[in-house]
Amino acid sequence: MHGKVNPFVEDTYQDNSTKVEGVRKTVYDVCRVLDTGPWGPSIEDALNSFDEMPQPELVVGVIRRLKDVKVALQYFRWVEGKTEQAHCPAAYNALLMVMARTRNLDCLEQILEEMSLAGIGPSNITCTELVTSYVKSRKLREALGVIETMRKFKFRPSFSAYTTLFGALSVAHEPDLMLNLFHQMQELGYDITIHLFTMLVRVFAREGRVDAALSLLDEMKSNSYSADLVLYNVCIDCFGKVGKVDMAWKFFHEMKAQGLVPDDVTYTSMIGVLCKAERLGEAVGLFEELDLSRSVPCVYAYNTMIMVMVQLGNLMKHTGKIEEALRIYEEMKKDAAPNLTTYNILVDMLCKAGKLEAALEVQDAMKEAGIFPNIWTVNIMIDRLCKAQRLDEACSIFLGLDHKVCTPDAVTFCSLIDGLGRNGRVNDAYRLYEKMLDSDQTPNAVVYTSLIRNFFKCGRIEDGHKIYKEMVDRGCSPDLMLLNTYMDCVFKAGEIEKGRALFEEIKSRGLVPDVRSYSILIHGLVKAGFPKGTYKLFYEMKEQGLHLDTRAYNTVIDGFCKSGKVNKAYQLLEEMKTKGLQPTVVTYGSVIDGLAKIDRLDEAYMLSEEAKSIGIDLNVVIYSSLIDGFGKVGRIDEAYLILEELMQKGLTPNTYTWNCLLDALVKAEEIDEALVCFQNMKNLKCSPNEVTYSIMINGLCKVRKFNKAFVFWQEMQKQGLKPNTITYTTMISGLAKAGNVLEARGLFDRFKAGGGIPDSACYNAMIEGLSNANKAIDAYTLFEETRLKGCRIYSKTCVVLLDALHKADCLEQAAIVGAVLREMAKSQHATRLY
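Since the model is a prediction, treat every value here as computed from it, not as a measurement. (Residues numbered from 1 in each chain as written. Predicted model: local features only at pLDDT ≥ 70, side-chain atom pairs only at ≥ 80, totals over all residues. Heavy atoms only, no water.)

**Q** I would appreciate a short explanation of the overall build of the protein in the present structure.
**A** If you tally the helices and strands in the protein, you get 46 helices and zero strands. The globule rule puts the C-alpha radius of gyration for 834 residues at 28 Å, and the 43 Å found for the protein is more than 25% above it. Its C-alpha atoms give the protein principal-axis dimensions of roughly 160 × 80 × 55 Å. Of all 834 residues assigned to the protein, the portion counted as buried reaches 46%. Summarising the internal contacts of the protein: among those between residues at least 6 apart in sequence, 60% fall at separations of at least 24. For the protein, the accessible surface area stands at approximately 42,700 Å², while carbon and sulfur atoms represent 52% of it. Put simply, the protein has 98 plus and 107 minus side-chain charges, and the middle of one group is 5 Å from the middle of the other. (Helix = DSSP H or I, 4+ residues; strand = E, 2+ residues; numbered from the N terminus. Rg over C-alpha atoms; globule rule 2.2 N^0.38 Å. Buried < 20%, exposed > 50% of the residue type's maximum accessible area, 1.4 Å probe, protein only. Contact = heavy atoms within 4.5 Å. Areas by Shrake-Rupley, 256 points an atom, 1.4 Å probe, with all protein chains shown as cover. Lys, Arg positive; Asp, Glu negative; His and termini not counted. Charge placed at Lys NZ, Arg CZ, Asp CG, Glu CD.)

This is how it looks when you write it as structure tokens:
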């Protein structure tokens, strides 16, 4: 037959070709009908118009091309009714594949039940595809549901379906679900590979579930599986990373005992584990062993050793280790070409050590070697330059990027935006943010946090609010850190109600306020003069199960002290100690100040001694609280002793400290001592403020040294200090009592012209002064003004004014003042009787 044509074979081929083409055309026509609209009588009529009865190859072809499960299922059922026969396995599998492609499993159980009753099973390809479709979309629970549904109807899911889902669960860190699948595979008789054991051990070890991982290793050995190099490397790496260094060492020595030769990965993993545990001597020894075991250490090993030196330098704060790292780098260049990782390690090391010039030189060497910085290198340089406040250089690197080779990512933009903002260049930071939007990068909560914080820091509060609104409008959900930062900024800007609202917004967004949230809220309310809410918020924190750190305790203790609950603050101080938290100078300062303000001075002093006994250095604030407390109750000698101790410690009293002592001396009418103290204050280069001068003027007026008080008043004006209401009132009263009525009246008028509101004492002093200076009509005019303002007029003032009016023959005015005086007398009499 060689060389001859077989006519029967040719006819058969032509018949098959014609038949396939005919089926393909019919499939196309049927699909076109099904695409015309929703299922109904018109579609059924169109399908019935085809002459031939639907054959299995036609049905399979049509279903495979459909993209809608509902349409596929309707056609599937129509064919059943039309042919009055059960579908073939291929048709069922085609329908399941449509479900897999569309990820619509609403009818999966129904179809699998039918297949089970018909004695048909899904093919391995179909089973795998059903699981894979959900794995690709990261819907692992749904993929598990597919496996469970198949097992429900006694089907055997394919090995590939199991391994696909197994790998996905490994990436998602779901060890328990993986173990469940692992046992299912064992039950079904699948051959469990060492690779599956390795994946399972890795996940359990990384989760820190050491006992479960060890149990799996024992099971593996009992089933006569021999651990390979990969498994040992995984065990060394994973157990080491969760702090089980000795166990990692055990695996390292065990693998050598089993005759396995550690490779570069083994050595570098073990070296990395030892470095993390700060067992750097052992790490160096292992590197030397690696060096001896081969002619030339690989690049990865050199990189690891450089990192060892970097970590040694960080731990020991030893610049010599940085030099050693650079020496290893130079040695490395003789044996192996440094790679991108090498240069990145060196750049990071030098930047952290503040050696930016050296880092730039390494970057230049990198380019000379034909290796161009990747985005990680760029991000390191920009971040470190920003922290060193070398912003122009950071911007230069950013602007010099070739976006085709190295495209800036969110970290690049965030580092530079934050660096610019922190250094007050918020306009440049905002322009860079706009550039980020133009480059199709999506700003995250970190970027918005930086912008909000830095706008508020520069006093541009409205711009800070606008940034938050813009973030919300762009669909970026704020995280807890952003809302905490925003709330802190708002409270510091004095927007108390907005701060409260932001705390509630944290809850409304489904976030749970943390210790910092509560600390910011309590601190903000206390600073704004609303400390009473501290008690309620503290117990709310306790109910939430939040564990307070030192900062939170300090905030709550300060709130309790400011709201007068000093005993509760004292209890919290003791609670801190029992919980192992070390109270700080801030903690002691708050309680000492609280005790001093309620005159529990001996307790306050004993607490200061306790703080010193545990090594806490008292600051000027604490000493000032004690001086203020002792001074207010007249224990001036003790206040002086505390001031002396403060200065012996090398501390410098501030203006508040001196004011506390001056106020105590003035109240004790020790005015000469106060004048000496005031001079000492100036000698120590501590500038008096408005409060200082007010204290001195009040004290001098109190002992009727009005002229001296006026000297202080003039000195205060020369210093550019603006007197407050009390200072004005004191000085006006003093001048009036001293008979310097013209000066007093001029001061009184200037005070009112500047928006000041005189009090009763000021009005009465002026009326008496004018009356004594024979200016009866002026005094009476001021008398009427006082009554109109609703200020109280003293009976003595009325008597002095009445006498002046009689002397000036102002009888009508005198009659009015007399009537007022009689009404006052009646009122006082009635009060005494009552």
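This is not the end of the story, as more comes after the structure.
**Q** Looking at this model, I keep getting lost on helix H15 (residues 264-276). Mind explaining?
**A** Three- or four-residue spacings in an α-helix give side chains the same orientation, since the helix completes a turn every 3.6 residues. Along its 13 residues, H15 runs 18 Å from first to last C-alpha, staying within 8% of the 18 Å computed at 1.5 Å per residue. Within H15, burial applies to Thr266, Tyr267, Thr268, Ser269, Met270, Ile271, Val273, Leu274 and Cys275. (Expected span 1.5 Å × (residues − 1).)

**Q** Sorry if this is basic, but what is going on with the packing of helix H2 (residues 41-48) against helix H4 (residues 69-83) here?
**A** In helix packing, the relevant descriptors are the interaxial angle and the interaxial distance, both defined with respect to the helix axes. H4 packs onto H2 with a crossing angle of 55° between their chain directions and a minimal axis gap of 12 Å. Between H2 and H4, the angle falls in the class oblique. The two elements H2 and H4 cross, and the hand of that crossing is right-handed. For the pair H2 and H4, contact is made by Glu44, Leu47 and Asn48 and by Tyr75, Trp78 and Lys82, respectively. Looking at the contact of H2 with H4 residue by residue, the classes come out as three nonpolar, one polar and two charged. (Axes fitted to C-alpha atoms, helices over the stretch in contact; angles between N-to-C directions. Parallel < 35°, antiparallel > 145°, perpendicular 65-115°, else oblique. Left-handed = near helix turned anticlockwise from the far one by under 90°. Nonpolar A, V, L, I, M, F, W, Y, C, P; charged D, E, K, R; others polar.)

**Q** In this structure, what is going on with the state of the cysteines? I would like to understand it.
**A** Among covalent bonds in proteins, the disulfide is the one between the sulfur atoms of two cysteines. Enumeration over the complete set of coordinates arrives at zero disulfides. Here Cys762 stays unpaired: no disulfide links it, and the sulfur of Cys791, its closest cysteine neighbor, is 9.4 Å away. (Disulfide = S-S within 2.5 Å.)

**Q** How should empty space enclosed by the protein be read in this particular structure?
**A** Think of a ball as big as a water molecule: rolled over the atoms, this probe shows where empty space is left. Enumeration according to the criterion identifies one cavity of 30 Å³ or more in this entry. Of the pockets and cavities examined, the largest cavity occupies roughly 50 Å³. Every residue lining the largest cavity is listed: Leu217, Met220, Lys221, Ala227, Leu231, Tyr232, Cys235, Phe251 and Glu254. Elements that contribute at least two residues to the lining of the largest cavity include exactly helix H12 (210-222), helix H13 (229-241) and helix H14 (245-257). Classifying every residue of the lining of the largest cavity by side-chain character gives seven nonpolar, no polar and two charged. (1 Å grid on protein atoms, 1.4 Å probe; cavity = no way out; pocket = protein on both sides within 12 Å on 5 of 7 lines; lining within 4 Å. Points joined across faces, edges and corners; volume = space filled by probe spheres on them.)

**Q** What is the right way to look at the nonpolar core in this model?
**A** When a protein is soluble and globular, its nonpolar side chains tend to lie buried together. Membership of the largest hydrophobic core comes to 167 residues, with the highest contact counts inside it found for Leu416, Ile417, Met541 and Phe783. Broken down by element, this core gets its largest block of residues, eight residues, from helix H27 (residues 480-492). Val27, Val98, Tyr190 and Cys238 belong to the second-largest nonpolar core, a separate cluster that totals 95 residues. (Core = buried A, V, L, I, M, F, W, Y, C linked by side-chain atoms within 4.5 Å.)

**Q** Sorry if this is basic, but what is going on with the environment of Tyr75 here?
**A** Summarising the element assignment, Tyr75 is placed in helix H4. Relative accessible area serves as the criterion here: at 1%, Tyr75 is assigned to the buried category. Leaving out residues up to four positions away in the same chain, Tyr75 has contacts with Val30, Leu34, Trp39, Leu47, Leu58, Val59, Val62 and Ile63.

**Q** I'm lost on the packing of aromatic side chains in this one. Help?
**A** Here the distance between the centres and the angle between the planes together describe a pair of aromatic rings. The tally for this structure, following the rule as stated, stands at 24 aromatic pairs. When the centroid spacing of 5.6 Å and the interplanar angle of 70° are considered together, the rings of Phe748 and Tyr763 count as edge-to-face. With Phe748 in helix H42 (residues 741-753) and Tyr763 in helix H43 (residues 760-772), this residue pair connects regions lying 15 residues apart in the sequence. On the basis of relative accessibility, which here comes to 0%, the residue Phe748 falls in the buried class. Site record: aromatic cluster; members linked through ring pairs are Tyr430, Tyr433, Tyr448 and Phe455. If you follow Arg156 out to its NZ or CZ, it ends over the ring of Tyr190, 4.1 Å from the centre. Against the face of Phe530 rests Arg500, its NZ or CZ located 5.8 Å from the ring centre. (Phe/Tyr/Trp six-rings, centres within 6.5 Å; stacked < 30°, edge-to-face > 60°. Lys NZ or Arg CZ within 6 Å of the ring centre and 35° of its normal.)

**Q** Explanation requested: unusual backbone geometry in the structure shown.
**A** What is expected of a backbone is that most residues other than glycine have negative phi and most peptide bonds are trans. Phi is positive for Glu84, close to 55°, though the residue is something other than glycine. Inspection of the secondary structure puts Glu84 in the loop between H4 and helix H5 (89-102). Taking relative accessible area as the criterion, Glu84 reaches 72% and is therefore assigned exposed.

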